[in-house]
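# Coordinates in review
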Amino acid sequence: MYTYKNIFVITLLLIGQLALSQTPNLGETPSQEMLSSWDTTIDPLGRGLPDGSGTAEEGQPVFLMKCAACHGLEGEGLINDRLVGGHGTIGSDRAVKTVGSYWPYATTLYDYIRRAMPYINPHSLSDQEVYQLTAYILYMNEIIEADERLDKNNLANIEMPNRLNFFSYEYELP
Amino acid sequence: MDKKLTLSKPEHVASNGLLDRRYFLKSSAAYLTAGSSMLMGSISHAQRSYPDYMTLPGAPLSGYGHRSVNEDHVQRYISLTRGTTGAGNSRTPLEKLHGIITPNGLHFERHHSGIPDINPDNHQLLIHGLVERPLVFSMENLMKYPMVSRFQYIECSGNSRPNLASEASDLTCGEIHGMISCCEWTGIPLSTLLAETGINPNAKWVLAEGADAAEMGRSIPIEKALDDTLIAIFQNGEAIRPENGYPLRILLPGYEGNISVKWLQRIKLSDVPLMTRDETSKYTDLQKNGTSEMFTLEMGVKSVIVSPSGKQQLGPHGIYEIRGLAWSGAGTITRVEVSADGGASWTDTLLTEPVMRKSLTQFRIPWEWNGQPAILMSRSYDDQGNRQPTRSEFIQNSGLQVNYHNNMIQSWQVNSEGQVQNVYV
């Protein structure tokens, strides 16, 4: 004999089945080319980083030419965000959040520059230039040396100074 | 604000002029009776002088309607990121609107690199990553899916930030709190599309990425993606406005607005959160001790009196309606109380139907103002047991440095001249 609860569960299952068989299934299989060219995601473990490499020395001229007009010659901030400094201010009355003082992952810097900068001309940088700029901004923040070469194998290993101050009560962080 | 006729004797329910919340309902019944007997009276035969628009036929019909030019002053408050024309925000003028639905042209905006000009014929949505079958959908195909409609608010987690400054600034309600809007959104439950791609058991996060120039992306917990998340295509019955994500956006009811990514082009299932710039550098809650909490996605229980509110001027002494909006990211508003004496005494307001989950709820209460100085406040409660915090409770728990998720009680001071101003209590 069915109890009300059983009937409820069975109805739910039926609705679920109906819903599935009734969905239009109009998605198409993406081409390999689409999958690889659209998937620009870089995760905090470094998965998704492209080939190429760069050092701060190589990045300096690129930064001066393509970024300094808005962010300052030394990333100190001009029209737009300050990218350098502020170390030791997080937790004080006047927190200065920058890539160096605040950001938890170096992979985020690569990912963000590649998708969004320079502001007036996004998606114009080569993967190589993005490695160089990432290295230069990290170097200005005294996180890496001027000649340290960044690539897909070591970028995720860089220890960002504020990394351990990030937490979540609800979710497991990588 | 309209001054109302006083017909029945007002009954005071809390100090400083607050009246029984049903006072207007009772009075309008009395007014109706009075009105019908007036109709029986004598009719004047004097010649009426007609306005021009009644002496000629009016304007022609039109394919798409516009509001009256007399309403053109009702505008969003724009605030730009320096050096840009398309980054920044514009806020809904809450104090100039009535009801719970935000007109499409006044929905708040927050863009990181302007509004893309997308032709839906060329737009695609790719779903891939930890799925069984990656799939790509054209807009034409998505339009054939069964859709659902829901009334949901979207609130930026940076909303009400002006009140995190140490001094109260003299601003309007919309300037302070206007990064919230509420619409009827229609679209496809994300769970429908994920049922078609299949989900790899290791998937815990869902990246949503936009097709704007900054390709802004956010990571969504998979439980939320399978719960009430929509792929929204329509806003108040018509195609989503370009500034709200045309031709489609993802919509996460009750979560901070930034995660409801506009111009959605890609969804990728992943075993970790992607740690994009907008969930690390921004939209993380800096604590008093210098640590930062990530993924505080649900918006708190909150309310604000929209009238009378900041920079408004009351008219003659008499009875006013206090009117406001309440909402909770956790569920449904159950109760809103109002105080006219800076929080010393409180009384219940009337909630206007419909009262819906993760939507705006309107509250109202009559108030008698006879020139006495007052501080008007509202506080809301939801069905999950949450109550809106006072300013000092908020500062105690979160601190002013937190930068996001400000849901503290708003105080509007009314002086003896009837000027209304933002104050801290």
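Residues numbered from 1 in each chain as written. Chains lettered and ligands numbered in written order. Predicted model: local features only at pLDDT ≥ 70, side-chain atom pairs only at ≥ 80, totals over all residues. Heavy atoms only, no water.

Another point: the pairing of strand β9 (residues 217–221) of chain B. Residues and elements named next belong to chain B. In terms of residue burial, β9 counts as a mostly covered element, since 5 of its 5 residues are buried. Across the two faces of β9 the burial is the same, with Gly217, Ser219 and Pro221 and Arg218 and Ile220 all buried. In this structure, strand β8 (residues 205–210) lies alongside β9, joined through 5 bridges in antiparallel fashion. Bridge pairing in β9 links Ala208 to Arg218. Between β8 and β9, which pair antiparallel and follow one another directly, the connecting turn spans 6 residues, one of which, Glu215, has a positive phi of 40 degrees. (Buried < 20%, exposed > 50% of the residue type's maximum accessible area, 1.4 Å probe, protein only. Helix = DSSP H or I, 4+ residues; strand = E, 2+ residues; numbered from the N terminus. Pairing = 2+ DSSP bridges.)

In this section: the domain arrangement of chain B. Residue and element names in this part refer to chain B. Assigned domains of chain B: these are domain 1 (120–284) and domain 2 (302–423). Placing a centre on the C-alpha atoms of domain 1 and another on those of domain 2 gives a separation of 29 Å. Contact with domain 1, which involves 31 residues of that partner, is made by 29 residues of domain 2. Summed over both partners, the interface of domain 1 with domain 2 buries about 2,500 Å², with 54% contributed by carbon and sulfur atoms. Summed over the shared surface of domain 1 and domain 2, the number is 2 salt bridges. (Domains from an automatic or database assignment. Contact = heavy atoms within 4.5 Å. Buried area = accessible area lost by both parts, 1.4 Å probe. Salt bridge = Lys/Arg side-chain N within 4 Å of Asp/Glu carboxyl O.)

Next up on the list: the side chain of Ser411 of chain B. Its location among the elements puts Ser411 of chain B in strand β23 (residues 411–414). Every residue in contact with Ser411 of chain B, bar those within four places of it in the chain, is listed here: Ile375, Leu376, Met377, Gln421, Asn422, Val423 and Val425 of chain B.

To continue, consider the sheet that holds strand β16 (residues 302–307) of chain B. Residue and element names in this part refer to chain B. As summarised here, the arrangement of the 4 strands in space is β16-β17-β21-β20, forming an open sheet in which the pairing is antiparallel. Every interior strand has two partners, whereas the edge strands, β16 and β20 (350–352), have only one. Each adjacent strand pair in this sheet contributes to an overall mean axis angle of 35 degrees, direction not counted. With 3 bridges joining them, β20 and strand β21 (residues 361–369) adopt antiparallel strand pairing. Bridge assignment links Thr352 to a residue of β21, and that residue is Gln362. (Axes fitted to C-alpha atoms, helices over the stretch in contact; angles between N-to-C directions.)

This next bit is on the packing of helix α3 (residues 56–66) of chain A against helix α6 (residues 127–140) of chain A. All names here are of chain A. In the contact formed by α3 and α6, the axes pass within 7 Å of each other and the chain directions differ by 95 degrees. In terms of orientation, α3 and α6 fall into the roughly perpendicular class. Facing α3, whose interface residues are Ala56, Glu58, Gly59, Gln60, Val62, Phe63 and Lys66, α6 presents Glu129, Gln132, Leu133, Ala135, Tyr136, Ile137, Tyr139 and Met140. Taken together, the residues that form the contact of α3 with α6 break down as 9 nonpolar, 3 polar and 3 charged. (Parallel < 35°, antiparallel > 145°, perpendicular 65-115°, else oblique. Nonpolar A, V, L, I, M, F, W, Y, C, P; charged D, E, K, R; others polar.)

Because an α-helix packs 3.6 residues into every turn, residues spaced three or four apart end up facing the same way. Residues and elements named next belong to chain A. Here α6 spans 20 Å end to end across 14 residues, near enough to the 20 Å set by a 1.5 Å rise per residue. The element α6 is extensively covered by neighbouring structure, given that 11 of its 14 residues are classed as buried. Three or more residues of α6 are buried, namely Glu129, Val130, Tyr131, Gln132, Leu133, Thr134, Ala135, Tyr136, Ile137, Leu138 and Met140. Looking at the buried positions of α6, the neighbouring elements they touch are β1 (53–54), α3, α5 (106–116) and β2 (150–151). Once α6 ends, the next one or two residues include Glu142, with phi positive near 60 degrees. (Expected span 1.5 Å × (residues − 1).)

As a further point, take unusual backbone geometry. It is generally the case that most residues other than glycine have a negative phi and that most peptide bonds are trans. Residues and elements named next belong to chain B. Look at the link from Ser307 to Pro308: it is a cis peptide, with omega at 0 degrees. Looking at where Pro308 falls in the secondary structure, it is placed in the loop between β16 and β17 (318–327). For the bond running from Glu353 to Pro354, omega is -5 degrees, close enough to zero to count as cis. Tracing the backbone shows Pro354 in the loop between β20 and β21.

The next point concerns the pattern of salt bridges. Inspection of every chain in the model, using the stated rule, returns 27 salt bridges over all chains. Put simply, Asp348 of chain B and Arg335 of chain B hold a salt bridge, and the shortest N to O gap is 3.0 Å. Highlighted residues: Asp348 of chain B in strand β19 (residues 347–348) and Arg335 of chain B in strand β18 (residues 333–339), separated in sequence by 13 residues. Residue classification places Arg335 of chain B among the partly exposed residues on the basis of a relative accessible area of 34%. With a closest N to O distance of 2.6 Å, Arg379 of chain B and Glu337 of chain B form a salt bridge. Of this pair, Arg379 of chain B sits in strand β22 (residues 374–382) while Glu337 of chain B sits in strand β18, and the two are 42 residues apart along the sequence. The class for Arg379 of chain B is buried, based on a relative accessible area of 17%. Of the residues examined, Glu337 of chain B reaches a relative accessible area of 6% and is grouped as buried. Salt bridges sharing partners connect three or more residues here, namely Asp39, Asp111 and Arg115 of chain A together with Glu209, Arg266 and Lys268 of chain B.

A few words now on the sheet that holds strand β3 (residues 166–167) of chain A. If you trace the 3 strands from one edge of the open sheet to the other, you get β3(A)-β15(B)-β14(B), paired in mixed fashion. Edge positions in the sheet fall to β3 of chain A together with β14 (285–286) of chain B, since each of these pairs with one other strand and no more. Relative to strand β15 (residues 292–293) of chain B, β14 of chain B is paired through 2 bridges, and the arrangement is antiparallel. Directly across from Leu286 of chain B, in β15 of chain B, lies its bridge partner Ser292 of chain B.

For the rest of this paragraph, the subject is the packing of aromatic side chains. Per the stated rule, a full pass over the model turns up 13 aromatic pairs over all chains. Each residue in the set Phe63, Tyr136 and Tyr139 of chain A is aromatic and connected to the rest through ring pairs, giving one cluster. The positively charged end of Arg161 of chain B is found above the aromatic ring belonging to Tyr404 of chain B, 5.0 Å away from the centroid. Looking at Arg335 of chain B, its charged tip hangs above the ring of Tyr381 of chain B, at a distance of 5.1 Å from the centre. (Phe/Tyr/Trp six-rings, centres within 6.5 Å; stacked < 30°, edge-to-face > 60°. Lys NZ or Arg CZ within 6 Å of the ring centre and 35° of its normal.)

A few words now on the nonpolar core. Ranked by internal contacts, the top residues of the largest apolar core, which has 75 residues, are Leu138 of chain A together with Ile250 and Ile267 of chain B. It is α6 of chain A that contributes the most residues to this core, 8 residues altogether. The contacts of Leu138 of chain A, once residues within four sequence positions are left out, are Ala106, Leu109, Ile143, Ile144, Leu150, Leu155, Ile158 and Met160 of chain A. Counting residues in hydrophobic clusters, the runner-up holds 34 residues, among them Ala14, Ile333, Ile365 and Val414 of chain B. (Core = buried A, V, L, I, M, F, W, Y, C linked by side-chain atoms within 4.5 Å.)

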